[in-house]
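# Structure at a glance
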Amino acid sequence: MATLAAAVARQAATLSRVSTPRTSLRAANLVQRRDHHGPPRVNFWQDPLSPSKWKEEHFVIVSLSGWGLLIFGGYKFFTGGKGKKEEKVAEASH
């Protein structure tokens with residue numbers, strides 16, 4: 001029983017030594033590298049009318065800003081832009 005356990009331990013140690021370089025080689029192959037086949041990505045202010053050429057992070061920033069402005073503008077439009085004006089009207093009437 002002890003001999004069997006020792007043999008299994010030896011084999012596991014051998015496998016771990018052998019598999020470590022393979023694992024590191026496999027991990028090195030999984031590292032993403034930039035693909036130079038497509039058109040170069042540009043900042044959005046360099047070509048504002050071509051979103052397909054923008055860098056990904058610039059596209060996200062511009063898209064989220066646009067949606068934010070659209071939602072805020074719609075909110076202000078449908079609420080009539082009411083804000084501090086209501087308070088001033090209420091104070092002046094008293």
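Bear in mind that the values here come from a model prediction, so they are computed numbers and not experimental data.

### Some words on the pattern of salt bridges
Pairing between side chains of opposite charge can happen when their charged atoms approach one another. The full count for this structure, using the stated rule, is one salt bridge. Close ionic contact of lysine 53 with aspartate 47 constitutes a salt bridge, the shortest N to O distance being 3.7 Å.

### Observations concerning the packing of aromatic side chains
A complete count under the given rule lists four aromatic pairs for this structure. Aromatic pair tryptophan 54 and phenylalanine 59: ring centres 6.2 Å apart, planes at 50°, arrangement tilted. On the accessibility criterion, phenylalanine 59 (39% relative accessible area) is partly exposed. Between phenylalanine 77 and phenylalanine 78 the ring centres are 5.1 Å apart and the planes differ by 80°, which places this aromatic pair in the edge-to-face class. The exposed category is assigned to phenylalanine 77, whose relative accessible area is 63%. Connected via pairs of aromatic rings, a cluster forms that spans Phe44, Trp45, Trp54 and Phe59.

### Some thoughts on the UniProt feature "transmembrane region" (unreviewed entry) in the chain
Look at the UniProt record and you will see "transmembrane region" (unreviewed entry) annotated at residues 58-78. Annotation note: span residues 58-78, helix share 100%, strand share 0%, distance between end C-alpha atoms 30 Å.

### Concerning helix H2 (residues 56-78)
The end-to-end C-alpha distance of H2 is 33 Å, a good match for the 33 Å that 23 residues give at a rise of 1.5 Å each. Downstream of H2 by one or two residues, glycine 80 has phi in the positive range, about 75°.

### Thoughts on a nonpolar patch on the surface
Residues Phe59, Val60 and Leu64 make up a contiguous nonpolar surface patch of roughly 280 Å² in combined accessible area. With respect to the helices, strands and loops of the structure, leucine 64 is situated in helix H2.

### Overview of the environment of threonine 79
By the secondary structure assignment, threonine 79 is in the loop between H2 and helix H3 (84-93). In terms of polar contacts, threonine 79 uses its side chain to reach the backbone carbonyl oxygen of tyrosine 75, at 2.7 Å.

### Considerations on the side chain of histidine 58
Position of histidine 58 among the secondary structure elements: in helix H2. Residue histidine 58 is classed as buried on the basis of its relative accessible area, which comes to 12%. Each residue touching histidine 58, except ones within four places of it in the same chain, is listed here: Asn43, Phe44 and Trp45.

Conventions adopted
Residues numbered from 1 in each chain as written. Predicted model: local features only at pLDDT ≥ 70, side-chain atom pairs only at ≥ 80, totals over all residues. Heavy atoms only, no water. Salt bridge = Lys/Arg side-chain N within 4 Å of Asp/Glu carboxyl O. Phe/Tyr/Trp six-rings, centres within 6.5 Å; stacked < 30°, edge-to-face > 60°. Buried < 20%, exposed > 50% of the residue type's maximum accessible area, 1.4 Å probe, protein only. UniProt positions renumbered as here; feature names shortened; annotations may be inferred. Helix = DSSP H or I, 4+ residues; strand = E, 2+ residues; numbered from the N terminus. Expected span 1.5 Å × (residues − 1). Patch = residues over 30% accessible without salt bridge, like charges linked within 9 Å, V, L, I, M, F, W, Y side chains within 5 Å. Areas by Shrake-Rupley, 256 points an atom, 1.4 Å probe, with all protein chains shown as cover. Polar contact = N/O pair within 3.5 Å; in protein donor to acceptor, adjacent residues only side chain to side chain. Contact = heavy atoms within 4.5 Å.

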